[in-house]
Amino acid sequence: MNEPGWLDDLKGLLAAHPLAERPYDKIAFVGIGPHGGPLYRVDGDASRLNARNALRRAFERFGGKCFYCDRTMGGDPKPSCTLDHLSPRKPGGGDVLYNLVLACIHCNQRKGRDELVQFSAKRAQAYLHSLADRLTRCLDTVSRDAAGPRPARRPDQAAL
Ligand SMILES: [Zn+2]
């Protein structure tokens with residue numbers, strides 16, 4: 001059975017990075033890999049990559065700023081640029097795209113194992129606003145679809 005278009009939109013939206021700035025906006029969700037994890041493609045690149053590698057590749061190609069202090073870190077993979085977990089890494093988890101940001105080594109070390117909101121309430125707000133914007137766009141799509149002509153119900157679909 002085909003899923004409604006909006007459900008695919010929602011899955012893609014939630015699998016993408018909430019931050020709309022570069023290089024995060026150059027990473028697109030392309031599907032689920034053979035091991036069950038999401039795979040991504042960086043704009044202009046044919047490889048299908050996991051979350052960590054996609055963010056690294058996007059930074060190498062498009063550069064980026066430290067999420068916490070806004071310092072530009074340049075387009076080369078430099079040791080001063082790190083991938084930071086907004087919510088500290090736990091055994092067996094945490095390497096999902098929405099939990100990863102680029103951070104300078106100084107901010108990454110200062111944040112340590114703190115949660116985002118403990119380290120910077122201001123950046124936590126910015127992150128949550130970006131997430132809310134994405135969900136609002138998805139809700140707009142759902143509302144538009146719901147207002148349009150409805151497809152005929154198939155016999156195998158029960159009423160909700
Ligand atoms: Zn920084």
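Residues numbered from 1 in each chain as written. Predicted model: local features only at pLDDT ≥ 70, side-chain atom pairs only at ≥ 80, totals over all residues.

J.: So what exactly am I meant to see when it comes to the overall build of the chain here?
T.: The secondary structure content of the chain amounts to 5 helices and 4 strands. In the chain, the succession of helices and strands from N to C terminus is α-β-β-α-β-β-α-α-α. Of the contacts formed within the chain by residues at least 6 apart in sequence, a portion of 51% connects residues at least 24 apart. (Helix = DSSP H or I, 4+ residues; strand = E, 2+ residues; numbered from the N terminus. Contact = placed C-beta atoms within 7 Å.)

J.: Any chance you could explain the environment of R71 here in plain terms?
T.: Within the secondary structure, R71 is located in the loop between α2 (51-62) and β3 (81-85). In this structure the C-alpha to C-alpha distance between R71 and C104, which are 33 residues apart in sequence, comes to 7.7 Å. When residues no more than four places from it in sequence are discounted, the contact partners of R71 are K65, C66 and C104.

J.: Whenever I open this one, the pairing of strand β2 (residues 38-42) confuses me. Can you help?
T.: Side chains on a regular strand alternate between the two faces of the sheet. Here β2 shows a clear split, with P38, Y40 and V42 buried on one side and none of L39 and R41 buried on the other. Pairing of strand β1 (residues 27-32) with β2, which is carried by 5 bridges, proceeds in the antiparallel orientation. Across the sheet, the residue bridging to I27 is V42, located in β2. (Buried ≥ 20, exposed ≤ 12 C-beta atoms within 10 Å, placed from the backbone. Pairing = 2+ DSSP bridges.)

J.: Looking at this structure, how should I read helix α5 (residues 121-147)?
T.: Since there are 3.6 residues in each turn of an α-helix, residues three or four apart along the chain are aligned in direction. Over its 27 residues, α5 extends 38 Å from the first C-alpha to the last, a length consistent with the 39 Å expected when each residue adds 1.5 Å. Of all the 27 residues making up α5, 0 are buried; the element is thus mostly uncovered. (Expected span 1.5 Å × (residues − 1).)

J.: Looking at this model, I keep getting lost on α2. Mind explaining?
T.: Spanning 12 residues, α2 covers 16 Å between terminal C-alpha atoms, matching the ideal 16 Å at 1.5 Å per step. Burial in α2 covers these residues: A51, A54, L55, R57, A58 and F59. The inward-facing, buried residues of α2 contact β1, β2, β3 and β4 (100-104).

J.: Please clarify how the pairing of β4 should be interpreted in this entry.
T.: Burial of β4 is extensive: 5 of the 5 residues sit out of reach of the surface. Alignment of β3 against β4, held across 5 bridges, turns out to be antiparallel. By the bridge assignment, T82 is partnered in β4 with A103.

J.: Explanation requested: the confidence of the model for the chain in the structure shown.
T.: Detail in the predicted coordinates should be disregarded across regions flagged by low pLDDT. With 81% of its residues at a pLDDT of 70 or more, the chain has an overall mean of 83. Confidence, expressed as mean pLDDT per element, reaches its minimum in the chain at helix α1 (residues 5-15) with 72 and its maximum at β4 with 94. (pLDDT = per-residue confidence, 0-100.)

J.: For this particular structure, what's the right way to read unusual backbone geometry?
T.: Keep in mind that most residues, glycine aside, have a negative phi and that most peptide bonds are trans. A cis amide bond links R22 with the next residue in sequence, P23, at an omega value of 0°. Relative to the elements of secondary structure, P23 occurs in the loop between α1 and β1. Here D70, not a glycine, exhibits a phi torsion of approximately 70°, which is positive. Mapping D70 onto the fold places it in the loop between α2 and β3. Since 10 C-beta atoms lie within 10 Å of it, D70 is described here as exposed.

J.: Honestly, the environment of T82 in this entry has me stumped. Any pointers?
T.: Assignment of secondary structure puts T82 in strand β3. A sequence separation of 21 residues divides T82 from A103, and the C-alpha atoms of the two residues are 5.3 Å apart. Those residues in contact with T82, other than ones at most four positions away along the chain, are A103, I105 and N108.

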